[in-house]
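An overview of the molecular structure
Listed here are the chains, written in short residue letters.
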Amino acid sequence: MNTVVIGGGMAGLSCARTLGLAGHTVTVLDKGRGPGGRMATRRLTAAGGETTFDLGTPAFEARSPAFVAEVRQWASDGHAAPWPAAGADRWVGVPAMNAPLRAMADRLDVRWSTRVSQVLPVPDGWQVRTENGDRLEADTLVIALPADQAADLLEPIKAGLAGEMATRARACPSLPCWTVLLAFAGPLAGVEDWRAGDAGEALGLAVRNTAKPGRAGPEAWVLHAGADWSARHLEDPADQIEDALIAALSARLDGPLPAIIARGAHRWRYAMPPGGGTGPVWDPTLRLGLCGDWLTVSGVEGAWLSAQDLAARILASDRGQD
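Reference entry: report on the structure contained in this document.

Conventions we followed
Residues numbered from 1 in each chain as written. Predicted model: local features only at pLDDT ≥ 70, side-chain atom pairs only at ≥ 80, totals over all residues. Heavy atoms only, no water. Phe/Tyr/Trp six-rings, centres within 6.5 Å; stacked < 30°, edge-to-face > 60°. Buried < 20%, exposed > 50% of the residue type's maximum accessible area, 1.4 Å probe, protein only. Helix = DSSP H or I, 4+ residues; strand = E, 2+ residues; numbered from the N terminus. Contact = heavy atoms within 4.5 Å. Polar contact = N/O pair within 3.5 Å; in protein donor to acceptor, adjacent residues only side chain to side chain. Pairing = 2+ DSSP bridges. Axes fitted to C-alpha atoms, helices over the stretch in contact; angles between N-to-C directions.

1. Some points on the packing of aromatic side chains
Under the criterion given, the structure shown has five aromatic pairs. Centre to centre, the rings of Phe-67 and Trp-74 are 5.7 Å apart; their planes meet at 85°, and the pair counts as edge-to-face. Exposure remark for Phe-67: the relative accessible area of 0% places this residue in the buried category. Among the aromatic residues, those joined into a ring-pair cluster are Phe-60, Phe-67, Trp-74 and Trp-304.

If you want it as structure tokens, here you go:
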């Protein structure tokens with residue numbers, strides 16, 4: 001089978017890897033410049049050296065037996081480590097959050113900086129069109145995107161279950177999140193490495209990135225704004241967001257901050273899906289599938305489980321076991 005997977009985050013890459021190991025010829029398309037999705041990382045250069053920030057997911061849980069086994073394999077390969085500061089059963093990628101994804105992507109045909117503009121059912125399967133002008137043919141199509149983006153691709157399709165898939169995706173809008181990255185000239189003494197607020201606050205979560213296993217460089221923090229606050233300020237300029245979260249951190253610590261030697265911001269329009277779905281969706285007639293944590297439980301583990309479930313359904317179809 002010739003399969004195209006749209007989305008190079010945890011769901012897309014883990015589904016692609018499983019299908020590839022089973023004999024599918026798989027191509028992964030992603031609009032980003034490298035592996036990560038919501039496990040992305042970014043580098044900022046400061047006076048004290050270059051610092052890597054975990055831009056999205058600050059840590060992830062591993063509780064189901066299958067995912068625990070997978071994460072332990074990542075750890076054995078040097079790509080993950082536990083981080084108790086974030087809570088029990090919490091892990092991070094090493095030396096950056098996207099390390100497990102990078103290891104998967106290295107074994108796959110992944111085309112980065114490739115935004116899909118349209119997917120069309122054709123007599124022998126699917127045609128996938130990109131903004132670069134490419135047209136790819138596939139027997140099987142997997143969409144591993146946030147629900148909002150999946151709905152955009154599916155709504156023009158009227159065949160099979162595609163319309164129902166689009167409706168289901170549109171009904172699961174993601175919550176946004178503004179994220180601010182800060183490097184300091186000195187440490188923030190006497191502060192927990194993981195400090196949570198709530199959805200309505202500017203400072204929803206503050207994480208000392210350099211406290212994670214395998215990190216180095218100047219004192220680095222990642223500040224995630226609360227979801228409700230982010231929604232109210234979604235279109236504000238990035239520098240205003242940075243100023244607001246810096247002020248919120250200073251107020252929370254009840255004192256001045258060390259000198260800031262690097263700063264940046266990132267707007268996640270599709271940061272946190274509601275989750276709580278009944279699992280991935282598969283149409284064996286169209287050979288069209290959806291996976292992602294918005295279809296299961298929000299988070300890295302939910303994305304991985306959804307992808308594995310969908311891959312199993314696709315392979316069962318290959319064997320005529322629909």
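Following the structure, the description resumes.
2. Considering the environment of Asp-30
Within the secondary structure layout, Asp-30 lies in the loop between β2 (25-29) and β3 (41-46). Assessed through its relative accessible area of 14%, Asp-30 is described here as buried. In the structure, Asp-30 is positioned 21 residues away from Gly-9 in sequence and 8.4 Å away in space, judged by C-alpha atoms. With near-sequence residues (within four places) excluded, Asp-30 lies in contact with Gly-7, Gly-8, Gly-9, Arg-111, Trp-112, Ser-113 and Thr-114. Polar side-chain contacts of Asp-30 include one of 2.7 Å to the backbone nitrogen of Gly-32.

3. A short note on the sheet that holds strand β18 (residues 281-283)
The strand order across the open sheet formed by six strands is β8-β2-β1-β12-β19-β18, and the pairing between neighbours is mixed. Lying at the two open borders of the sheet, with one neighbouring strand each, are β8 (109-111) and β18. Pairs of neighbouring strands in the sheet enclose a mean axial angle of 15°, with direction left out of account. Across five bridges, the pairing between strand β1 (residues 2-6) and β2 is parallel. Among the inter-strand pairings, Thr-3 is bridged to a residue of β2, identified as Val-26. Where helix α5 (residues 162-170) meets the sheet, its contacts fall on β18 and β19 (288-290), and the angle it forms with β18 comes to roughly 165°.

4. What about the side chain of His-24?
Within the fold, His-24 resides in the loop between α1 (10-21) and β2. A polar contact is formed between the side chain of His-24 and the side chain of Thr-3, at a distance of 2.7 Å. A polar atom in the side chain of His-24 sits 2.6 Å from the side chain of Asp-318. When neighbours within four sequence positions are excluded, His-24 is seen to be in contact with Met-1, Thr-3, Leu-19, Thr-140, Arg-287, Ile-314, Leu-315 and Asp-318.

By themselves, these observations are geometric and do not establish any function.
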